[in-house]
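Residue strings, one per chain:
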Amino acid sequence: NKGAKRMILRVNLTTKKISKEPIDEKILDQFIGARGLAAKILWDEVKGVDPLSPDNKLIIAAGPFNGLRTPSGGKLVVAAKSPLTGGYGDGNIGTMVSMHLRKAGYMAIIVEGASDRPVYLYVDDDVVQIMSAEGLWGLSTFETEKRLKQVHGNVGVLSIGPAGENLVKYSVVISQEGRAGGRPGIGAVMGSKKLKAIVVRGTKDVEVKDRENFEKYTREVFKLIPTLPAYSFWIRQGTMATIEWANKNRALPTRNFSQVKFEYARTVDGYAMEAMKISRRGCPNCNMACGNVVLDIEGKESELDYENVGMLGPNTGIAFLNRVAHINRLADEFGVDTISLGAVLGFAMEAAERGALKEAPKFGDYEGALELTKKIVFRQGETGNLLAEGVKRAAEQLGLEEIAMHVKGLEVSAYNCYIYPAMALAYGTCAIGAHHKEAWVIAWEIGSTPMEDSSGKEYVMNYSPEKAKKVVEQQRIRGGMFEMLTACRLPWVELGLDLEWYAKILSSIVGKNYTLDDIYIAADRVYSLVRSYWVREFKGDWDRKMDYPPKRWFEDGVDGQHLDPERYDELLSEYYKIRGWDDRGIPTEETLRKLGLDFVVEDLRPWLK
Ligand code: PTT
Ligand code: SF4
């Protein structure tokens, strides 16, 4: 097959203009791909706009690992200015689109403007068309993908469901009935453009500069993965093993994070899942597939992960996996983020308990949670409409900020951090708001840092500067390397695959020698660019409090223990120092120039010290 080019595909849904632009190779040198590319495009092109207006842009960005048979390299970044947070927003999704996009000859798609009628984008190698989606609007993501595959055959599909159509601020993009991406409302950005789906077929060969070494390294890694010691348990439980672990370590979000252990954890943990499991699914090119499929209470398939279950189960007080699995399946069909949905439901339940919200169920009320989920997705009534805005806005309106579990507007994922300052810092400084994806330091924090026992209390952890260092270190790998390549980080996180493999494979693809340190410098560049984006979009309203975890972790507690605000603040200063950011968390001019981000300086000038 002909070689695939590396173009940017630009589609304007207002004017219907479609154009293809060669990618600037210097940008790939500096930013490697995917998240790096998306951050650069957003910086250059999306400035000061309303995230749900036609001026926002949806970026679908691939990296050098995509389109090739790279280990667990079937991931893709979806990004935009976030309607949930108002800052940089992206997500990572396992999908065949990652393969097809590169094989069709594109590194990224930029969708701008907005259509006045529902449409989908169809990319078939060089042929690109905007097609009517009148008959698809209102359908679930599963039905949408099924119909599009009936029409177009062997393609990759990204789609939104009713949540994205109704502009639910935490709606996501779904692919392959159980893969989701774009927690900060990337689904709503598609909805605002009346873009129901993106369908891609690519048939060309993606260039590899050093084919011999590429084949050698990837063959070795694929062979190595099933031999790693953690593999056999991983394919049994996948991320679901974390329920038991988080419960034991007092980190399980329970009843809107007010508790750290769930008395019914056994009914929703990895063993409960194993008893119900009917099959395993995965992302493209993965030989350690972790998508555990069970049947829900209605006998329908549902693919479970730790975050989904932790947030829709313990955090809402709902026991029994078949019920949690049903809400999880609905979330995928509707295209709404399970983490934020679980956080919103838990918040609403506590608000009801406090008498601030009338139409909300009690903790543990499965039927009530189901009904409320539908109200949110379809924005029915005052309560549904309010909760569709996310925890931050709902809490502001109800005067309940002390129980609102979010950072920068993005709901906290499933780690409860009253006694875990490093993990709290990871949430505080994550590039998109409270997500564990950038630095999952809690396992390290529990396993390898000394307990502080001066008060005689067993569970108080320390605030050593090592923790800030560890957060940055993990951000470089997880939020940096894996998001730029794009490849799944789980072979490394869960099985301990040596990171050197990634540098070797990358070098063989691009024909330039990359060390891990080279990749980490690019990661630092992306972090400072993304931080600059937040500062620019928030204008004068930026300060270090934006990097604080939720208030609740400073106030309530585990056996009376909670985070200490002063010591957290010191840890944050340490983090800023390592990053080369000033005491407000803004990159200094020196840091920007050192990282080759000179183009940022003028825009950021009003806020530079
Ligand atoms: C990710 C976030 C996560 S992180 C989970 S479960 W996790 C939730 N999954 C959702 C879902 O499912 N349905 C839904 N409607 N909403 C959901 N929201 C939540 O989204 C996912 C895996 C997992 S399972 C994790 S940790 C790893 N994440 C990776 C990442 O971020 N980057 C990377 N390079 N590799 C990763 N590997 C793992 O991928 P967001 P997926 Mg995801 C159904 O989307 O926005 O990044 O938030 O992609 O293909 O579903 O794989 O215990
Ligand atoms: Fe996808 Fe799981 Fe494989 Fe990662 S380990 S690529 S999330 S199936």
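None of these values were measured; they are calculated from a predicted model.

A short note on empty space enclosed by the protein
Then step 1. Scanning all chains against the criterion turns up one cavity of 30 Å³ or more.
Then step 2. Taken as a whole, the largest cavity holds about 60 Å³ of empty space.
Then step 3. Around the largest cavity, the lining residues are Lys408, Thr429, Cys430, Ala431, Tyr527, Val530, Arg531, Trp534 and Trp581.
Then step 4. If one sorts the elements of the lining of the largest cavity by residue count, helix α22 (residues 516-538) sits on top with four residues.
Then step 5. Residues that form the lining of the largest cavity fall into these classes: six nonpolar, one polar and two charged.

Quick look at the site of ligand 1
Then step 1. Taken together, 33 residues sit near ligand 1, with Asn92, Ala180, Asp332, Asp337 and Glu483 positioned nearest.
Then step 2. Here an oxygen atom of ligand 1 and a backbone polar atom of Asn92 are 2.8 Å apart.
Then step 3. Arg489 is positioned with one of its side-chain polar atoms (N or O) 3.1 Å from an oxygen atom of ligand 1.
Then step 4. Those elements that provide at least two residues to the shell around ligand 1 are β5 (88-94), β11 (179-181), α11 (306-312), α12 (321-334), α13 (338-353) and α19 (465-485).
Then step 5. In terms of residues, the shell around ligand 1 owes the most to one element, β5, which gives four residues.
Then step 6. Each residue belonging to the shell around ligand 1 can be placed in one class, and the counts come to 12 nonpolar, 11 polar and 10 charged.

With respect to the sheet that holds strand β3 (residues 58-61)
Then step 1. Spatially, the six strands line up as an open sheet ordered β2-β1-β6-β3-β4-β5, and their pairing is mixed. The sheet is open, and its two borders are formed by β2 (18-22) and β5, each paired with just one other strand. Going from strand to strand, the sheet's axes swing by 20° on average, the running direction of each strand aside.
Then step 2. Pairing analysis gives six bridges linking strand β1 (residues 7-12) to strand β6 (residues 106-112), with the strands arranged parallel. Opposite Arg10, over in β6, you have Ile110 as the bridge partner.

Focus on the sheet that holds strand β15 (residues 301-304)
Then step 1. If you trace the three strands from one edge of the open sheet to the other, you get β13-β14-β15, paired in antiparallel fashion. A single partner strand is all that each edge strand has here, and the edge strands are β13 (277-281) and β15. Ignoring strand direction, the axes of neighbouring strands in this sheet form an average angle of 35°.

Digging into the nonpolar core
Then step 1. Ranked by internal contacts, the top residues of the largest apolar core, which has 180 residues, are Tyr88, Ile376, Met423 and Trp553.
Then step 2. The element that contributes the greatest number of residues to this core is α22, accounting for 13 residues.
Then step 3. With residues near it in sequence (within four places) discarded, Met423 still touches Tyr415, Cys417, His436, Ala439, Trp440, Val441, Ile442 and Glu445.
Then step 4. Listed in part, the 30 residues of the second largest apolar core include Leu9, Leu101, Leu121 and Leu195.

Side note on the coordination of the magnesium atom of ligand 1
Then step 1. Donor atoms from the polypeptide that coordinate the magnesium atom of ligand 1 comprise Asn92 (O) and Ala180 (O), at 2.6 Å from the metal. With Asn92 in strand β5 and Ala180 in strand β11, this pair connects stretches of sequence that are 88 residues apart.
Then step 2. With a relative accessible area of 17%, Asn92 lands in the buried category.
Then step 3. Residue Ala180 is classed as partly exposed on the basis of its relative accessible area, which comes to 38%.

What about the environment of Thr14?
Then step 1. Here Thr14 is to be found in the loop between β1 and β2.
Then step 2. In sequence terms Thr14 and Ala114 are 100 residues apart; their C-alpha atoms lie 5.0 Å from each other.
Then step 3. If we skip the residues at most four places from it in the chain, Thr14 touches Glu112, Gly113 and Ala114.
Then step 4. Within polar-contact distance, the side chain of Thr14 engages the backbone nitrogen of Ala114 at 2.9 Å.

A few points about a negative patch on the surface
Then step 1. On the surface, Asp498, Glu500, Asp517 and Asp518 cluster together into a negatively charged patch.
Then step 2. On the basis of relative accessibility, which here comes to 41%, the residue Glu500 falls in the partly exposed class.

Things to note about the pattern of salt bridges
Then step 1. Taken as a whole and judged by the stated rule, the model has 57 salt bridges.
Then step 2. As a salt-bridge pair, Glu143 and Lys146 come within 3.6 Å of each other at their nearest N and O atoms. Within this pair, Glu143 and its partner Lys146 are both found in helix α4 (residues 141-152), separated by three residues, close to a single helical turn.
Then step 3. For Glu143, a relative accessible area of 25% translates into the label partly exposed.
Then step 4. The salt bridge partner of Glu602 is Arg605, with a shortest N-O separation of 3.1 Å.
Then step 5. Salt bridges sharing common partners tie together Arg10, Glu21, Glu45, Lys57 and Glu112.

Topic: the pairing of β3
Then step 1. Both faces of β3 are covered, namely the face carrying Leu58 and Ile60 and the face carrying Ile59 and Ala61.
Then step 2. Note that β3 and strand β4 (residues 75-81) share three bridges and pair antiparallel. Paired with Ala61 across the bridge in β4 is Val77.

With respect to the packing of aromatic side chains
Then step 1. Under the defined criterion, the tally for this structure stands at 20 aromatic pairs.
Then step 2. Aromatic pair Trp245 and Trp440: ring centres 5.8 Å apart, planes at 40°, arrangement tilted. Here Trp245 is found in helix α9 (residues 242-248), whereas its partner Trp440 is found in the loop between α17 (421-429) and α18 (442-448), with 195 residues between them in sequence.
Then step 3. Take Trp245: its relative accessible area is 23%, and that puts it in the partly exposed class.
Then step 4. Ring centres of Tyr575 and Tyr576 lie 6.3 Å apart, and the angle between their planes is 65°; this geometry places the pair in the edge-to-face category. Each member of the pair, Tyr575 as well as Tyr576, is classed as buried.
Then step 5. Aromatic rings pair up to connect Phe65, Phe482, Trp492 and Tyr502 into one cluster.

Things to note about the site of ligand 2
Then step 1. With respect to spatial proximity, the complete set of residues near ligand 2 consists of Ser72, Lys75, Arg179, Gly282, Cys283, Cys286, Met288, Ala289, Cys290, Cys488 and Leu490.
Then step 2. Partitioned by chemical class, the residues of the shell around ligand 2 number seven nonpolar, two polar and two charged.
Then step 3. When residues are assigned to domains, the shell around ligand 2 turns out to be shared by domain 1 (7-201) and domain 2 (237-407), each giving three or more.

Thoughts on the layout of surface pockets
Then step 1. For the second largest pocket, the calculated volume is near 480 Å³.
Then step 2. If you trace the second largest pocket, you find 21 residues lining it, with Lys392, Glu396, His406, Lys408 and Gly409 closest to the centre.
Then step 3. Secondary structure elements with two or more residues in the lining of the second largest pocket: α16 (391-398), β16 (406-407) and α22.
Then step 4. Top element by residues in the lining of the second largest pocket is α16. It accounts for four residues.
Then step 5. Residues of the lining of the second largest pocket, tallied by class, amount to 11 nonpolar, three polar and seven charged.
Then step 6. Each of domain 2 (237-407) and domain 3 (421-607) contributes no fewer than three residues to the lining of the second largest pocket.

Calculation notes
- Residues numbered from 1 in each chain as written.
- Chains lettered and ligands numbered in written order.
- Predicted model: local features only at pLDDT ≥ 70, side-chain atom pairs only at ≥ 80, totals over all residues.
- Heavy atoms only, no water.
- 1 Å grid on protein atoms, 1.4 Å probe; cavity = no way out; pocket = protein on both sides within 12 Å on 5 of 7 lines; lining within 4 Å.
- Points joined across faces, edges and corners; volume = space filled by probe spheres on them.
- Helix = DSSP H or I, 4+ residues; strand = E, 2+ residues; numbered from the N terminus.
- Nonpolar A, V, L, I, M, F, W, Y, C, P; charged D, E, K, R; others polar.
- Near = heavy atom within 4 Å.
- Polar contact = N/O pair within 3.5 Å; in protein donor to acceptor, adjacent residues only side chain to side chain.
- Pairing = 2+ DSSP bridges.
- Axes fitted to C-alpha atoms, helices over the stretch in contact; angles between N-to-C directions.
- Core = buried A, V, L, I, M, F, W, Y, C linked by side-chain atoms within 4.5 Å.
- Buried < 20%, exposed > 50% of the residue type's maximum accessible area, 1.4 Å probe, protein only.
- Contact = heavy atoms within 4.5 Å.
- Donors = N, O, S within 2.8 Å, 3.2 Å for Na, K, Ca; no water.
- Patch = residues over 30% accessible without salt bridge, like charges linked within 9 Å, V, L, I, M, F, W, Y side chains within 5 Å.
- Areas by Shrake-Rupley, 256 points an atom, 1.4 Å probe, with all protein chains shown as cover.
- Salt bridge = Lys/Arg side-chain N within 4 Å of Asp/Glu carboxyl O.
- Lys, Arg positive; Asp, Glu negative; His and termini not counted.
- Charge placed at Lys NZ, Arg CZ, Asp CG, Glu CD.
- Phe/Tyr/Trp six-rings, centres within 6.5 Å; stacked < 30°, edge-to-face > 60°.
- Domains from an automatic or database assignment.

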